[in-house]
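Read off the chains here:
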Amino acid sequence: GTWSLRWDRYGPDVIPLWVADTDFRAAPAVLRALEERVRHGVLGYSAAPEALREAIVARSAQRYGWRIEPSWIVFLPGVVPGLHLAARRVVPAGGHALIPTPVYQHFKRAVELAPRPFTEVPLVLEGGRWLFDLDALEERSDAATFFLCNPQNPGGTVFRRRELEQLAERTRGMTIVSDEIHSDLVLEPGLSHVPIASIAPDVSRRTVTLMSANKAFNFPAAGCAWAVAEDPGLREAFAAEMRSHSLPSPSVFGYAATLAAYREGDGWLAAQLEYLRGNRDFTCENLSLPMARPEATYLAWIDCRGLAVKDPAQLFLQHRVALSPGAQFGAPRFVRLNFGTQRARLARALERMNSALAGLA
């Protein structure tokens, strides 16, 4: 009853753990900033504030050791529009794209609608982590563009610097489009997000990085995202689209929310990460199905290949738990579970899922 896509799609008896937003209120600093903007009372057309560019630059250096310039930033209404824009503007007409699989469905959807020819490059499970098959990448070294999801959705992998260096080497000559919207949601202690553009100057010059605070601070309805591109040509590909008004600008609420989150929200973010870490561990310990331990995100990629059912998402929906079907990500025998919710609700959902599994025995 609050216009929530997540909660209103299914009936009141269904626990919805599917689409990737959380059941947590946004950070208090974000809510205060939005309240102040409403009290201002004027909601006209808005330009991106320079203070937000400066906050993004400072955060990139502080959290990731990644030094960027304010002029490299092009604001977008969301990361998904950025993926679709990249498919149309960055992948040349007739140029070939490489898409990892499994991966968030809009990667593939973007190149299909552009349309651009593409090859799916499989990730493989190694040591409990979803990693790229580098040999498979070598076979398509003629591709024009490589699409990366870092951290990986749905697998939850935090790619290490050495892994990204190997990936960059295997994709030399290609433009890289990297979705890094989950960069602030690293759960595993001791790990840090590494932007692929930060690993070497030559990689930076051929990379477009898509980012947003929407996921980490839970305000996707106030959309604001950005592309970071050092290369003027890549940057212009995005800026020209925004100047044409074929995509809307971010809302004033998105600008205000992002600036407040980056200035004042890190204490709240740390507390959320601690809670999500507990939810991640609770899911791993209490679900009777194999899954890679997510190093980042609040998403669990669950292996249902051992079940005697064709559609595991439908099985769990029949037991009143809504999950994202693996077919969306290119792996129909998997499901994705969003553990970004209150632990008591998560516990009830896992009980229902285990009951569904017991019924198959």
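Further up the page is the structure itself.
All of these numbers come straight from a predicted model, not from anything done at the bench.

Q: Explain the packing of helix H4 (residues 79-89) against helix H5 (residues 105-113) to me, please; I cannot follow it from the model alone.
A: Pairs of packed helices are described in terms of their axes, by the angle between the two and the distance that separates them. Packing of H4 against H5 leaves a shortest axis separation of 8 Å and a crossing angle of 40°. Considering the relative orientation of H4 and H5, their crossing is right-handed. Facing H4, whose interface residues are Val-80, Leu-83, His-84 and Ala-87, H5 presents His-106, Phe-107, Arg-109, Ala-110, Val-111 and Leu-113. Residue composition of the contact of H4 with H5, by class: seven nonpolar, two polar and one charged.

Q: Help me understand the environment of Lys-310, please; the structure alone is not making it clear to me.
A: Take Lys-310: it is sitting in the loop between strand S10 (299-303) and helix H13 (312-318). Lys-310 sits 23 residues away from Arg-333 along the chain, and the two C-alpha atoms are 7.1 Å apart. Each residue touching Lys-310, except ones within four places of it in the same chain, is listed here: Pro-332 and Arg-333.

Q: What exactly am I supposed to notice about helix H3 (residues 50-64) here?
A: Each full turn of the α-helix corresponds to 3.6 residues, which orients residues three or four apart in the same direction. Counted at 1.5 Å a residue, the expected span for H3 with its 15 residues is 21 Å, and the 21 Å between its end C-alpha atoms agrees. Three or more residues of H3 are buried, namely Leu-52, Arg-53, Ala-55, Ile-56, Val-57, Arg-59, Ser-60 and Tyr-64. Of the surrounding secondary structure, the elements contacted by the buried residues of H3 are strand S2 (73-76), strand S8 (207-211), helix H9 (214-217), strand S9 (225-229), helix H11 (252-264) and helix H12 (266-286). Of the residues trailing H3, Gly-65 is marked for its positive phi of about 65°.

Q: Sorry if this is basic, but what is going on with the pattern of salt bridges here?
A: All told, the structure shown has 29 salt bridges when counted by the stated rule. When the shortest N-O distance is used, the salt bridge between Arg-172 and Glu-138 registers 3.6 Å. Of this pair, Arg-172 sits in the loop between helix H7 (161-170) and strand S7 (175-179) while Glu-138 sits in helix H6 (residues 134-138), and the two are 34 residues apart along the sequence. A salt bridge links Arg-140 to Asp-142; its shortest N-O distance comes to 3.2 Å. Overall, the relative accessible area of 23% leaves Arg-140 in the partly exposed class. Given the relative accessible area of 56%, Asp-142 is considered exposed.

Q: Explanation requested: the packing of H3 against H11 in the structure shown.
A: Where H3 meets H11, the axes come as close as 10 Å, and the angle between the chain directions of the two elements is 40°. Taken together, the axis directions place H3 and H11 in an arrangement best described as oblique. Seen along the crossing, H3 lies across H11 with a hand that is left-handed. Of the residues in H11, those in contact with Ala-51, Leu-52, Ala-55, Ile-56 and Arg-59 of H3 are Tyr-255, Thr-258, Leu-259, Tyr-262 and Arg-263. Of the residues assigned to the contact of H3 with H11, the class counts are seven nonpolar, one polar and two charged.

Q: Before we go on, may I ask you to explain the environment of Asn-286 in this structure?
A: Its place among the elements puts Asn-286 in helix H12. On the basis of relative accessibility, which here comes to 33%, the residue Asn-286 falls in the partly exposed class. When the C-alpha atoms of Asn-286 and Cys-224 are compared, they prove to be 36 Å apart, with 62 residues separating the residues in sequence. In contact with Asn-286, not counting residues within four places along its chain, are Leu-350 and Asn-354. Separated by 2.8 Å, the side chain of Asn-286 and the backbone oxygen of Phe-282 make a polar contact.

Q: Would you mind going over the sheet that holds S9 with me for this structure?
A: Adjacent strands of a sheet pair through backbone hydrogen bonds, lying either parallel or antiparallel. Ordered by their spatial adjacency, eight strands build an open sheet running S2-S9-S8-S7-S6-S3-S4-S5, and the pairing between neighbours is mixed. Here the strands that pair on one side only, and so sit at the sheet edges, are S2 and strand S5 (129-132). For this sheet, the mean inter-axis angle between neighbouring strands, taken without regard to orientation, is 25°. Sheet topology note: the strand S3 (residues 97-101)/strand S4 (residues 118-126) ladder contains five bridges and is parallel. When the bridges of S4 are listed, Leu-98 appears paired with Thr-119. Contacting S2, S7, S8 and S9, helix H10 (residues 232-243) runs over the sheet at an angle of about 35° to S2.

Q: What's the story with the packing of aromatic side chains in this structure? I'm lost.
A: Think of a pair of aromatic rings as described by two things: how far the centres are apart, and how the planes are tilted against each other in angle. What the rule picks out here adds up to 13 aromatic pairs. Consider the rings of Phe-24 and Tyr-275, whose centres lie 5.7 Å apart with planes at 85°: the pair is edge-to-face. Taken together, the residues span a long stretch of sequence, with Phe-24 in the loop between strand S1 (15-16) and helix H2 (28-40) and Tyr-275 in helix H12 at a distance of 251 residues. Residue classification places Phe-24 among the buried residues on the basis of a relative accessible area of 15%. Each ring, one from Phe-217 and one from Tyr-262, has its centre 6.3 Å from the other, and the planes form 65°; the classification is edge-to-face. Taken as a pair, Phe-217 in helix H9 and Tyr-262 in helix H11 lie far apart in primary sequence, 45 residues in all.

The rules behind the values
Residues numbered from 1 in each chain as written. Predicted model: local features only at pLDDT ≥ 70, side-chain atom pairs only at ≥ 80, totals over all residues. Heavy atoms only, no water. Axes fitted to C-alpha atoms, helices over the stretch in contact; angles between N-to-C directions. Helix = DSSP H or I, 4+ residues; strand = E, 2+ residues; numbered from the N terminus. Left-handed = near helix turned anticlockwise from the far one by under 90°. Contact = heavy atoms within 4.5 Å. Nonpolar A, V, L, I, M, F, W, Y, C, P; charged D, E, K, R; others polar. Expected span 1.5 Å × (residues − 1). Buried < 20%, exposed > 50% of the residue type's maximum accessible area, 1.4 Å probe, protein only. Salt bridge = Lys/Arg side-chain N within 4 Å of Asp/Glu carboxyl O. Parallel < 35°, antiparallel > 145°, perpendicular 65-115°, else oblique. Polar contact = N/O pair within 3.5 Å; in protein donor to acceptor, adjacent residues only side chain to side chain. Pairing = 2+ DSSP bridges. Phe/Tyr/Trp six-rings, centres within 6.5 Å; stacked < 30°, edge-to-face > 60°.

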